[in-house]
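Residue strings, one per chain:
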Amino acid sequence: FDGHHALSFNDGNHLGGMAGSELANLSHKVHQKVRKFLHPHVGYKAVGGISTGGLLLRHLELGACGFQVGTEYYELGPRVFTHILEEAAEKLQAV
């Protein structure tokens, strides 16, 4: 870690990202802990390593009302959202 942002796109107007999918499990653990302090009707935005529909569903089960994608967006572009949402829908239909 050199103190610089891992991502820089949109001509440097957007900075962010630190670990991508490597951050997913840690992010989920943090959100589990934070969830305990939130009223059940209060949602949160899932951030940190969201790169698959399965990871998104884990957060939705905790009460996420939205999600943010950084590293995967940088690597795959806007189609990443189609990938994540289609995978989530497939997993839900299989239940």
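Residues numbered from 1 in each chain as written. Predicted model: local features only at pLDDT ≥ 70, side-chain atom pairs only at ≥ 80, totals over all residues. Heavy atoms only, no water.

All right, on to the overall build of the chain then. The number of helices and strands found in the chain is 4 helices and 4 strands. If you list the helices and strands of the chain from N to C, you get β-β-α-β-α-β-α-α. Residues counted as buried form 33% of the 95 residues belonging to the chain. Look at the contacts in the chain between residues 6 or more apart in sequence, and 43% of them connect residues 24 or more apart. When the accessible surface of the chain is summed, it comes to about 6,600 Å², and 55% of that surface belongs to carbon and sulfur atoms. (Helix = DSSP H or I, 4+ residues; strand = E, 2+ residues; numbered from the N terminus. Buried < 20%, exposed > 50% of the residue type's maximum accessible area, 1.4 Å probe, protein only. Contact = heavy atoms within 4.5 Å. Areas by Shrake-Rupley, 256 points an atom, 1.4 Å probe, with all protein chains shown as cover.)

With that out of the way, let us pick up the side chain of R35. Along the chain, the position of R35 falls in helix α1 (residues 24-35). Among buried Asp, Glu, Lys and Arg side chains, R35 stands out as unpaired, with E61 the closest opposite charge at 12 Å. In terms of polar contacts, R35 uses its side chain to reach the backbone carbonyl oxygen of L62, at 3.3 Å. Once you skip the residues sitting within four places of it in the chain, R35 turns out to touch P40, V42, G43, Y44, L62 and G63. (Lys, Arg positive; Asp, Glu negative; His and termini not counted. Salt bridge = Lys/Arg side-chain N within 4 Å of Asp/Glu carboxyl O. Polar contact = N/O pair within 3.5 Å; in protein donor to acceptor, adjacent residues only side chain to side chain.)

This part covers the nonpolar core. Y44, A46, I50, L56, L57, L62, A64, V69, V80, I84 and A88 form the largest nonpolar core, which has 11 residues in total. For this core, the secondary structure elements donating two or more residues are β3 (44-46), α2 (53-62) and α4 (79-93). Setting aside residues up to four positions removed in sequence, I50 forms contacts with L55, L56, H59, F67, Q68, V69, E72 and I84. (Core = buried A, V, L, I, M, F, W, Y, C linked by side-chain atoms within 4.5 Å.)

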